[in-house]
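Take a look at the letters that make up each chain.
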Amino acid sequence: MIQPWADAPLKDLNKDLLEREPFVSMVSSLLINLADSNDSTVVGLVGPWGSGKSSILNFIKRDLRTKVKVVHFSPWSADNVEGIQQDFYAALLDAFPDGQHNGIRQKATTLLRRGSGLFKAIPVAGIGIAETVKEFLPEESWHSAFKSLYRAIKASGVKVVVFVDDVDRLQPDELLAMLRTVRLAGRFPRVNYLLAYDQESLTATLQAGLRGSTSDAIRYLEKVVQYPLHMPPAQLIHLQRLVLQELGPILDRETGALWDSPLQRFEALYAEHMWSALSTPRACHRFTTQAKTYLALAQGEVDVQGEVDVADFAALTFVRLHHPAIYLRLREWRSDLVGSGQGAPIQERAKNKASWVQRIKNCGYSIESDIDQALRILSALFPRVSGELGFSSSAAGRCRLHMDAYFDRYINFSLPTGDVSDRLVSTQISDLVSGRTPSTAPLRNTFDHPDAEIRIRAVHKGDQYSDWHAAEPSMNLVNFVAGSLARDPVKYEDPFSPGQLKVGWLARLLDAELEGSQDHVSHVVELFATPASLGAVLKRAMAVYYPYGKNLAPEAPTEAHEANSQVAPPKFLIELAEAWQQRAASWMVSTLVSDIYSTSDREFLEVWSSLEFLDGLGRIRLPLQAKTTSSDFDLATVAGHFAYQGTRQNGHFYFGTNDDNVSDLDVTKLKEILPLDVLQEWPLAADEDQSPIMTMAQLRRRRAIEGLHEFRKGHDQAQRNGPPSGS
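Quick notes on the rules
- Residues numbered from 1 in each chain as written.
- Predicted model: local features only at pLDDT ≥ 70, side-chain atom pairs only at ≥ 80, totals over all residues.
- Heavy atoms only, no water.
- Helix = DSSP H or I, 4+ residues; strand = E, 2+ residues; numbered from the N terminus.
- Buried < 20%, exposed > 50% of the residue type's maximum accessible area, 1.4 Å probe, protein only.
- Contact = heavy atoms within 4.5 Å.
- Areas by Shrake-Rupley, 256 points an atom, 1.4 Å probe, with all protein chains shown as cover.
- Core = buried A, V, L, I, M, F, W, Y, C linked by side-chain atoms within 4.5 Å.
- Axes fitted to C-alpha atoms, helices over the stretch in contact; angles between N-to-C directions.
- Parallel < 35°, antiparallel > 145°, perpendicular 65-115°, else oblique.
- Nonpolar A, V, L, I, M, F, W, Y, C, P; charged D, E, K, R; others polar.
- Pairing = 2+ DSSP bridges.
- Expected span 1.5 Å × (residues − 1).
- Salt bridge = Lys/Arg side-chain N within 4 Å of Asp/Glu carboxyl O.

(A) Looking closely at the overall build of the protein. Helices and strands together make up the secondary structure of the protein, namely 34 helices and eight strands. Burial statistics for the protein: of 727 residues in total, 48% are counted as buried. Across the protein, every contact between residues at least 6 apart in sequence was considered, and the portion connecting residues at least 24 apart equals 73%. Of the accessible surface of the protein, which amounts to about 35,400 Å², a share of 50% is contributed by carbon and sulfur atoms.

(B) Highlighting the nonpolar core. Counting residues in hydrophobic clusters, the biggest one holds 137 residues, and the most contacted among them are Phe266, Phe287, Leu330, Leu510 and Leu534. A total of 12 residues in this core trace back to one element, the largest contributor, which is helix H28 (residues 571-592). Excluding residues that lie within four positions of it along the chain, leucine 330 makes contacts with Leu316, Leu337, Leu378, Phe382, Phe407 and Ile411. If you look at the next biggest cluster of nonpolar residues, it comprises 48 residues, including Val81, Ala95, Val162 and Val191.

(C) Summary view of the side chain of serine 439. Mapping serine 439 onto the fold places it in the loop between helix H21 (422-434) and helix H22 (452-469). In this view, serine 439 contacts Leu432, Asn476, Asn479 and Phe480; residues no more than four positions away in its chain are not counted.

(D) Just the packing of helix H9 (residues 199-210) against helix H10 (residues 214-224), in detail. At a minimum axis separation of 8 Å, H9 and H10 run at an interaxial angle of 105°. Comparing their axes, H10 and H9 come out roughly perpendicular. Along its contact with H9, which presents Gln199, Leu202, Thr203, Leu206, Gln207 and Leu210, the element H10 presents Thr214, Asp216, Ala217, Ile218, Tyr220 and Leu221. The class makeup of the residues in the contact of H9 with H10 is seven nonpolar, four polar and one charged.

(E) Examining the sheet that holds strand S4 (residues 191-197) more closely. The strand order across the open sheet built from five strands is S2-S3-S4-S1-S5, with neighbouring strands paired in parallel fashion. Two strands bound the open sheet, and with one partner strand each, they are strand S2 (69-73) and strand S5 (227-230). Sheet twist, expressed as the mean angle between neighbouring strand axes with direction ignored, is 20°. Alignment of S2 against strand S3 (residues 160-164), held across five bridges, turns out to be parallel. Bridging across to S3, valine 70 finds its partner in valine 161. Contacting S2, S3 and S4, helix H3 (residues 81-93) crosses the sheet at an angle of about 160° to S2.

(F) Local environment of the pairing of strand S1 (residues 42-46). Within S1, five of the five residues are buried, which leaves it mostly tucked inside the rest of the structure. Across the two faces of S1 the burial is the same, with Val42, Gly44 and Val46 and Val43 and Leu45 all buried. Of the strand pairs in this sheet, S1 and S4 are connected by five bridges, and their pairing is parallel. Considered in S4, the bridge of valine 42 is made with tyrosine 193. Bridging between S1 and S5 involves four bridges; their strand directions are parallel. By the bridge assignment for S5, valine 46 is matched with histidine 230.

(G) Helix H34 (residues 696-721), seen in detail. If you check H34, its first and last C-alpha atoms are 37 Å apart, about what 26 residues at 1.5 Å a residue would give, namely 38 Å. Listed in full, the buried residues belonging to H34 are Arg700, Ala704, Ile705, Gly707, Leu708, Phe711 and Arg712.

(H) How the structure looks around the environment of glycine 50. Locating glycine 50 in the fold gives a position in the loop between S1 and helix H2 (53-64). Taking the C-alpha atoms as reference points, glycine 50 and cysteine 284, 234 residues apart in sequence, are found 9.2 Å from one another.

(I) Representation of unusual backbone geometry within the structure. Within the chain, glutamate 19 stands out as a residue other than glycine whose phi angle is a positive 55°. Within the fold, glutamate 19 resides in the segment before helix H1 (21-35). In this model, arginine 190 sits at a positive phi of 60°, which is unusual for a non-glycine residue. Assignment of secondary structure puts arginine 190 in the loop between helix H8 (172-185) and S4.

(J) Spatial organisation of the pattern of salt bridges. For the structure on display, the rule yields 30 salt bridges. Residue aspartate 634 pairs with arginine 701 through a salt bridge whose shortest N-O separation is 2.6 Å. In this pair, aspartate 634 sits in the loop between helix H30 (618-627) and helix H31 (635-640) while arginine 701 sits in helix H34, placing the two residues 67 residues apart along the sequence. Within the structure, one salt-bridge network assembled from shared partners comprises Glu307, Arg409, Asp419, Asp422 and Lys461.

This is the structure we're talking about:
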């Protein structure tokens with residue numbers, strides 16, 4: 001839950017993170033010393049907007065509470081100039097004990113009545129009052145009323161400090177009226193004033209009221225304020241502490257590489273790009289509140305993780321607040337921002353920089369240092385820009401702003417339509433690993449969603465999160481992904497289809513020391529109606545250990561190959577590969593002797609390829625050769641499975657179940673599983689069907705017979721010619 005920030009001043013000095021206690025003590029001591037004299041002095045508490053002047057007033061009030069009576073005068077709450085005078089005396093009267101209150105109130109009322117309209121006539125350029133007063137009232141009338149109130153306040157013995165905050169909020173005529181009131185009509189013994197204001201803003205307002213120059217305004221202010229006390233600027237370390245007090249716990253909860261966590265990246269971003277703009281407590285609080293508020297919108301809650309990178313989100317919030325023109329262009333620049341990018345050649349960097357400088361100038365920037373700062377923060381957020389300009393930035397982490405799959409989340413403050421929640425995927429992975437979710441249950445809002453695009457996004461995230469969230473290998477997760485793959489047929493022609501992505505995910509899960517029994521092995525194998533998908537998984541998983549196949553090696557082995565060949569695959573992976581080969585070989589033999597040809601060629605060849613990679617073709621050879629002892633064995637039927645259905649275009653053959661072409665017979669594969677004498681001598685039934693319209697099964701059978709005759713003819717010719725000379 002977000003703790004509300006109402007821009008309210010602090011009241012407890014112990015909660016001040018800026019270590020301003022020495023300054024508070026100095027101002028308090030000065031006011032106490034001034035209160036012991038019969039003079040009336042004006043002290044200025046000077047600091048820029050948002051620097052914490054109101055908090056300092058509260059701290060000083062706490063110091064003065066047993067020594068001096070503190071009252072507050074709020075001139076900006078009055079409706080008009082006369083109201084300022086009335087509010088001033090009303091505030092002043094609150095300082096006196098009840099026993100003396102009524103007498104002083106009566107004298108103050110008399111003074112106000114006799115001085116009505118007086119302050120409008122006081123010359124703005126002078127402090128003297130007597131000569132002007134004579135033009136409006138009998139001198140003794142106003143003087144007698146003022147002296148009467150003066151003596152009453154002096155006799156009371158009360159030491160008063162009048163706090164006047166937000167002086168720089170007043171309009172020019174109101175400001176002049178307030179200053180005249182304090183300096184002229186409020187000069188009572190032991191009544192001192194502490195005015196809080198921003199020097200630059202107050203000077204500008206005074207200049208407008210005086211209709212003079214800046215120098216005129218400064219000289220006027222010097223006549224009113226005897227002690228201008230400038231607040232010491234907040235130290236950078238203290239302002240950073242304010243920011244990290246709010247964002248640090250959220251950043252610290254995010255996971256990341258030890259050398260590049262979100263917290264570390266944010267601290268670097270702050271130190272390099274934010275500190276100069278976040279120069280006051282108010283600016284820091286405004287920034288952190290905006291970041292937390294919109295983070296809650298983007299993630300659903302501020303205290304959860306998973307939808308965006310908090311460091312990037314906070315930095316983008318800074319851009320939105322302090323570089324709004326650039327922020328509004330980010331969506332337009334999207335294609336030039338997303339992606340990890342690579343360092344541009346040195347000779348291209350000047351051209352790249354000129355292009356980006358022009359973009360920044362088009363956003364209204366003209367000062368070179370401002371343009372450079374804008375480019376640097378863009379480079380920090382977008383490694384692609386960084387690479388083009390020759391800067392350096394980190395692309396590590398997940399859910400980053402520069403990633404194509406996540407950019408829109410930051411701009412929309414929510415998940416775009418069709419996106420998949422990282423938090424949902426993370427939770428589902430955790431629940432599968434722990435067993436809270438059964439591994440047999442389809443997850444139709446992510447990995448088993450009807451929309452293939454959503455499945456693709458979910459699988460990408462699931463593959464990542466299963467590495468980050470599963471501390472130990474999980475059979476539950478293996479079973480789920482295997483079941484989900486079995487429900488999602490692999491499109492072999494599309495390497496980025498949901499099924500293909502699940503093949504890669506499951507292969508990585510199997511490359512671990514899983515605690516699985518033989519029952520677990522059997523369960524995984526039996527999840528698949530046909531062996532093709534699991535075969536693709538095993539081939540990819542085993543490729544880590546046998547890059548060229550189980551019993552194959554390159555002619556010139558690389559160091560990586562030699563290193564991997566010395567490492568055995570995990571036990572469960574070996575057992576699963578063994579069980580799958582038995583199942584796949586049995587399926588392959590049953591398919592080969594069938595004349596229905598219902599299995600797609602891609603699926604058939606995927607199983608063949610996986611068996612070949614795992615050195616399992618021998619498991620087909622023996623049972624198939626055994627069938628040649630039966631008179632029912634039909635060589636043309638078996639061979640027909642190696643005459644593939646598809647289309648020929650430009651010398652290439654493309655598989656397709658809806659096409660009416662058949663490839664030449666693939667004799668090479670036949671020779672892998674049948675003895676040469678069978679291929680040469682087994683009787684081939686005559687092709688009696690000469691109809692011009694044939695079924696695909698008939699076409700494949702005919703092409704197989706033609707191919708076998710061609711093979712036999714070529715073999716006989718080779719036999720007659722004898723071995724090549726020189727052999």
